[in-house]
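The lines below spell out each chain.
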Amino acid sequence: MRRVYLDNSATTPVDPEVAELILTYYTTKYGNPSSIHSFGREAKKALEDARQQVADFIGAKSAQIVFTSGGTEADNMAVLGTAYANKHKGNHIITSAIEHHAILDTCLYLEKQGFKLTILPVDEDGLLHVEDVEKALTPETILVSVMHANNEVGTVQPIAEIGKLLKGKGIVFHTDAVQSLGKIPVNVDDLGVDLLTASAHKIYGPKGVGCLYIRKGTRIEALVHGGGQERKRRSGTENTPGIIGFGKACELAGQRLEADAAHLKNLRELMIKGIMETIPDVKLNGHPTERIPNNVNVSIRYVEGESLLLSLDMNGIAASSGSACTSGSLDPSHVLLAMGICHEIAHGSLRFSLGRANTVEDIDYVLEKLPGIVERLRAMSPLYDNERGCNSCTLKK
Amino acid sequence: MDHFTNPRNVGEIAEASGVGEVGNPTCGDIMRIYLDIEDNIIKDVKFKTFGCGAAVATSSMVTEMVKGKTIEEALQISNKAVAEALDGLPPAKMHCSNLAADALHEAIKDYVAKQQSGK
């Protein structure tokens, strides 16, 4: 059976060139970068080269990159580290309703500790409005954290405009760029951010590695204490092989950014058009134009997301869903709900996230299988025949 | 998995003796069960389900379990029994299995109510 991987926003395969390089740092160049002997120096040199590669990819200086165990840790470091370092200045934090849980839950954790939290709404396309950020600012505001591109619906937020708004106000501005890195240009100066989260495994690098960019002069309190690695900002022996893989993945992503984006956008448009033409009662979630090139998110009415995923999986197709059943909770995607999409339709959402390796044939295969799957599930759906329920929102377009 | 891939008894019964529906769109599972009852025996049963794979499988299983049973026997079928008949469900999915037996019991209740109102 054909196998088609369309869950690249969950994770990507490691580029063979990256994997080969990583292996060297497990088996032959295994020194601890903190050691002063030749083994350690060799690892240290490679570590610092990787730091430069990551920095170059986002337009930063290498001294401003702190490696972490991934995007989640970098997000935690950004939010908690800023809050703790600035609590003498104020206690107000602003974020958006569609952030990844690594941000939202960390902000809610701070709220329990007495910080004040404003969670900004988004419009029906999942877009945050800069005016809302402006209105939410108070003299107590110490941090604004808004993601660059949303992981579920792919909407790209006006980060540069928020950056302009916050410039010179003494408020720390953080963006989680995990989903935008490698898909669209990410440059810390163009975006005007003080802190930026990135992750390796979304850009054909290894899992378990990420980084936080920290602009010079931005105060961050360390969360992990110990041996003083990463300029005392994140103790613990560096994940040298992973970091070196992250560096290489950034270098490759930089070289391929334009070609990748064009390829992904072509497949994305093909897929959206194909789904819309072959299946009735489907809504495209997310912004029609302001979206990362690899994201297709649709709500297929009258059917439930997990059933769709299982059926696709039986045909060798890997996707993801905002359905409650896939998250282990009863509530469907907080992102879709924040966009004003009702529970019933949110449950029928399906995300295809395309990757470098996908082909037109992959998309054709999905378009060949999906309509039949939807038809089968609709035939057994009690919602399909009487079009009952869901008065709170209607399908548009 | 087989009950999801090839669910048994999908559909409706036009003049059903009893219909039961449980669930709501908020939690993401809606199940409707149709019963055809003659002389206290469940002659035929059909279902329609909007829900995850486990919800479809439990619906299918419960319809297989009640066919040919008496109402009293059918009322004995618990959510747990349905899950066991499927060789267990993951703990997070147990709320789905709750629906199948509940929908069945609702359908029987509907039948009993119809009988009492003399229809």
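The model shown is predicted, which means the values in this text are computed figures rather than measured ones.

So, about the domain arrangement of chain A. All names here are of chain A. You can read the domains of chain A as domain 1 (4–10 + 258–380) and domain 2 (16–253). Centre-to-centre, using C-alpha coordinates, domain 1 lies 28 Å away from domain 2. The partner domain 2 presents 27 residues to the 24 residues of domain 1 that form the contact. Approximately 2200 Å² of surface area, both sides summed, lies buried where domain 1 meets domain 2, with 53% of it carried by carbon and sulfur atoms. Considering only the side of domain 1, the residues that lose the most area to domain 2 are Ile292, His334 and Arg356, jointly responsible for 28% of the buried surface there. At the surface where domain 1 touches domain 2, the tally comes to zero salt bridges. For the pair domain 1 and domain 2, the number of links is 15 residue pairs in polar contact (both at pLDDT 80 or more).

The next thing to look at is the side chain of A:Ser307. Mapped onto the elements of the fold, A:Ser307 is located in helix 9 (residues 305–314). The contact partners of A:Ser307, leaving out residues within four places of it in the chain, are A:Leu377, B:Phe4, B:Gly51, B:Cys52, B:Gly53 and B:Val56.

This brings us to the sheet that holds strand 2 (residues 65–68) of chain A. Residues and elements named next belong to chain A. Strands sit in the order 2-8-7-6-5-3-4 across an open sheet of seven strands; the sheet is mixed. Every interior strand has two partners, whereas the edge strands, strand 2 and strand 4 (116–120), have only one. Neighbouring strand axes in the sheet, compared pairwise and without regard to direction, differ in orientation by 20° on average. Here three bridges tie strand 6 (residues 172–176) to strand 7 (residues 195–199), and the two strands are oriented parallel to one another. Residue pairing for strand 7: Asp176 is matched across the bridge by Thr197. Relative to the sheet, helix 4 (residues 101–112) contacts strand 3 (92–96), strand 4, strand 5 (141–145) and strand 6, its axis offset from that of strand 3 by approximately 155°. Across the sheet, helix 6 (residues 159–166) lies against strand 5 and strand 6, angled at about 170° from strand 6, the strand it touches most.

Here we take up the pattern of salt bridges. The final tally for this structure, using the stated rule, is 24 salt bridges over all chains. Of the charged contacts, one joins B:Asp2 and B:Arg8 as a salt bridge, the two residues approaching to 2.8 Å between their closest N and O atoms. Looking at B:Arg8, the relative accessible area reads 26%, which means it is partly exposed. In this structure, B:Lys80 and B:Glu84 form a salt bridge, with 3.9 Å as the shortest nitrogen-oxygen distance. Taken as a pair, B:Lys80 and B:Glu84 lie in helix 4 (residues 79–85) at a separation of four residues, close to a single helical turn. The class for B:Lys80 is exposed, based on a relative accessible area of 57%. One continuous salt-bridge network, built from bridges that share partners, spans A:Asp15, A:Arg256, A:Asp260 and A:Arg356.

Let us now look at unusual backbone geometry. All names here are of chain A. Phi angles above zero are rare outside glycine, and Tyr204 is one such case at about 70°. Classification of Tyr204 by relative accessible area gives buried; the value is 12%. For Tyr302, which is not a glycine, the phi torsion comes out positive at approximately 75°. Relative to the helices and strands, Tyr302 is located in the loop between strand 10 (295–300) and helix 9.

This part takes up the sheet that holds strand 9 (residues 282–284) of chain A. Residues and elements named next belong to chain A. Spatial ordering of the open sheet is given by 9-10-12, a layout of three strands whose pairing is antiparallel. Only two strands of the sheet have a single partner each, and these edge strands are strand 9 and strand 12 (349–353). Going across the sheet, the axis of each strand differs from the next one's by a mean of 25°, ignoring polarity. One ladder, built from five bridges, connects strand 10 with strand 12; its direction is antiparallel. Across the sheet, the residue bridging to Asn295 is Ser353, located in strand 12. Contacts between helix 8 (residues 240–278) and the sheet are confined to strand 9, strand 10 and strand 12, with strand 10 contributing the most and set at about 10° to the helix.

Calculation criteria
- Residues numbered from 1 in each chain as written.
- Chains lettered and ligands numbered in written order.
- Predicted model: local features only at pLDDT ≥ 70, side-chain atom pairs only at ≥ 80, totals over all residues.
- Heavy atoms only, no water.
- Domains from an automatic or database assignment.
- Contact = heavy atoms within 4.5 Å.
- Buried area = accessible area lost by both parts, 1.4 Å probe.
- Salt bridge = Lys/Arg side-chain N within 4 Å of Asp/Glu carboxyl O.
- Polar contact = N/O pair within 3.5 Å; in protein donor to acceptor, adjacent residues only side chain to side chain.
- Helix = DSSP H or I, 4+ residues; strand = E, 2+ residues; numbered from the N terminus.
- Pairing = 2+ DSSP bridges.
- Axes fitted to C-alpha atoms, helices over the stretch in contact; angles between N-to-C directions.
- Buried < 20%, exposed > 50% of the residue type's maximum accessible area, 1.4 Å probe, protein only.

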